[in-house]
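For reference, the chains in residue letters:
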Amino acid sequence: VRGALNTLPDEQRQTIELAYFGGFTQNEIAKLLEEPLGTVKGRMRLGLEKMRRQLVEGVA
Amino acid sequence: MSDHARHQDDVGAYLLGALNDLERHAFERHLRGCHECQEELARLRPAADALPGSVQQFEPPARLKAALMEVVEREARVTELPRRRFNRPLAVAAVLLLGLVVGFGVAQLGGDETRTVAATVDKAMPQAGGTLDIDGGEATLQLHDMPELRGPRVYQVWLAHGDRLVPARTFEVGASGTGRVQLREVDDADAVYVTREARGGAQVPSEDPIVSVPL
């Protein structure tokens with residue numbers, strides 16, 4: 001899983017780390033990174049989607 | 001905008017715990033009646049569920065443990081003494097502990113070259129927070145909800161090398177309360193601190209750090 005997280009583009013990985021490990025809300029992350037809220041939401045969803053694909057491929 | 005259009009992008013943030021209470025309740029209300037979002041949630045959940053295990057595999061390095069214990073012991077000593085100007089309650093040590101653990105987890109997950117460490121802030125600034133993004137020897141400190149300083153005062157960054165504090169750049173936050181500072185030569189530092197100093201900066205800090213980032 002660590003490998004999967006590390007293969008994400010930096011901005012997706014950083015956003016997921018801030019949310020999950022840093023405990024920041026999406027609004028706080030948007031403010032921190034000076035990005036629109038929609039961008040932050042998208043990075044979390046796309047990052048999880050990419051990790052899911054890698055998990056599935058790892059099992060197959 | 002339909003209810004679904006408003007909520008479909010929240011699935012990732014919901015799984016990562018990044019919605020505030022209001023947003024979470026609204027999303028859960030929508031979820032109960034939305035088959036599409038239920039499916040999306042079930043599809044992505046395995047990825048989010050796999051995250052916690054990725055941190056627990058690691059034992060914190062001895063240097064981090066030592067730094068943590070030093071903080072805890074210093075706080076314990078302070079509580080035994082009569083109240084001084086810069087006394088900080090033991091609770092700060094607990095927050096620092098959390099910061100170290102979180103910082104460590106993030107650091108490990110980020111690989112060697114780039115990593116992000118959460119900042120620990122003084123409890124006098126409950127809304128404030130931030131991160132240090134490290135890329136090799138350079139780093140960017142980003143802080144939010146910092147109080148705007150009155151009079152000829154600025155925030156100053158310090159790099160800790162053991163007991164030695166090396167003065168780094170000063171910065172100001174406007175009415176927005178956000179500050180962003182680029183730092184160099186952080187690869188040898190043990191921690192990054194922020195204090196409030198007179199304009200122009202100081203050679204020796206005049207107060208205990210109000211922001212700490214353990215490295």
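Above: the structure in question.
Owing to the predicted nature of the structure, the values given are computational and were not obtained by experimental measurement. (Residues numbered from 1 in each chain as written. Chains lettered and ligands numbered in written order. Predicted model: local features only at pLDDT ≥ 70, side-chain atom pairs only at ≥ 80, totals over all residues. Heavy atoms only, no water.)

A. Molecular detail of the interface of chain A and chain B. Contact with chain A, which involves 30 residues of that partner, is made by 39 residues of chain B. Between chain A and chain B, a total of about 3,300 Å² is buried, with carbon and sulfur atoms accounting for 61% of that surface. Here chain A is connected to chain B by six salt bridges. Of the charged contacts in the structure, one is a salt bridge between Arg 45 of chain A and Asp 9 of chain B, with a shortest N-O distance of 3.6 Å. (Contact = heavy atoms within 4.5 Å. Buried area = accessible area lost by both parts, 1.4 Å probe. Salt bridge = Lys/Arg side-chain N within 4 Å of Asp/Glu carboxyl O.)

B. Geometry of the packing of aromatic side chains. Residue and element names in this part refer to chain B. Overall, the coordinates contain two aromatic pairs over all chains when judged by the stated rule. Aromatic pair Tyr 14 and Phe 27: ring centres 4.8 Å apart, planes at 45°, arrangement tilted. Within this pair, whereas Tyr 14 is found in helix H2 (residues 11-15), its partner Phe 27 is found in helix H3 (residues 21-33), the two being separated by 13 residues in sequence. Since its relative accessible area comes to 0%, Phe 27 is described here as buried. Seen in terms of ring centroids, Tyr 155 and Phe 171 are 5.4 Å apart; in terms of plane orientation they differ by 20°. Their pairing is stacked. Here Phe 171 lies in strand S6 (residues 164-171) and Tyr 155 lies in strand S5 (residues 153-161), a separation of 16 residues in the sequence. We classify Phe 171 as buried; its relative accessible area is 7%. (Phe/Tyr/Trp six-rings, centres within 6.5 Å; stacked < 30°, edge-to-face > 60°. Helix = DSSP H or I, 4+ residues; strand = E, 2+ residues; numbered from the N terminus. Buried < 20%, exposed > 50% of the residue type's maximum accessible area, 1.4 Å probe, protein only.)

C. Local environment of the side chain of Thr 195 of chain B. Residue and element names in this part refer to chain B. Following the sequence through the fold, Thr 195 ends up in strand S8 (residues 191-198). On the basis of relative accessible area, Thr 195 is assigned to the buried category, the value being 1%. A distance of 2.7 Å separates a polar atom in the side chain of Thr 195 from a polar atom in the side chain of Trp 158. Residues within four places of Thr 195 in sequence aside, it is in contact with Val 154, Tyr 155, Gln 156, Trp 158, Pro 205, Glu 207, Asp 208, Pro 209 and Ile 210. (Polar contact = N/O pair within 3.5 Å; in protein donor to acceptor, adjacent residues only side chain to side chain.)

D. Geometry of the sheet that holds strand S4 (residues 138-144) of chain B. Taken together, four strands build an open sheet; the order of strands is S1-S3-S4-S7 (chain B) and the sheet is antiparallel. The open sheet terminates on both sides in strands that have one partner only, identified here as strand S1 (114-118) and strand S7 (179-183) of chain B. If you compare each strand with its neighbour and ignore which way they point, the axes differ by 15° on average. Direction of pairing for S1 of chain B relative to strand S3 (residues 129-135) of chain B: antiparallel, over a ladder of five bridges. Following the sheet pairing, Arg 115 of chain B is matched in S3 of chain B by Ile 134 of chain B. Contacting S1 and S3 of chain B, helix H2 (residues 10-20) of chain A crosses the sheet at an angle of about 25° to S1 of chain B. (Pairing = 2+ DSSP bridges. Axes fitted to C-alpha atoms, helices over the stretch in contact; angles between N-to-C directions.)

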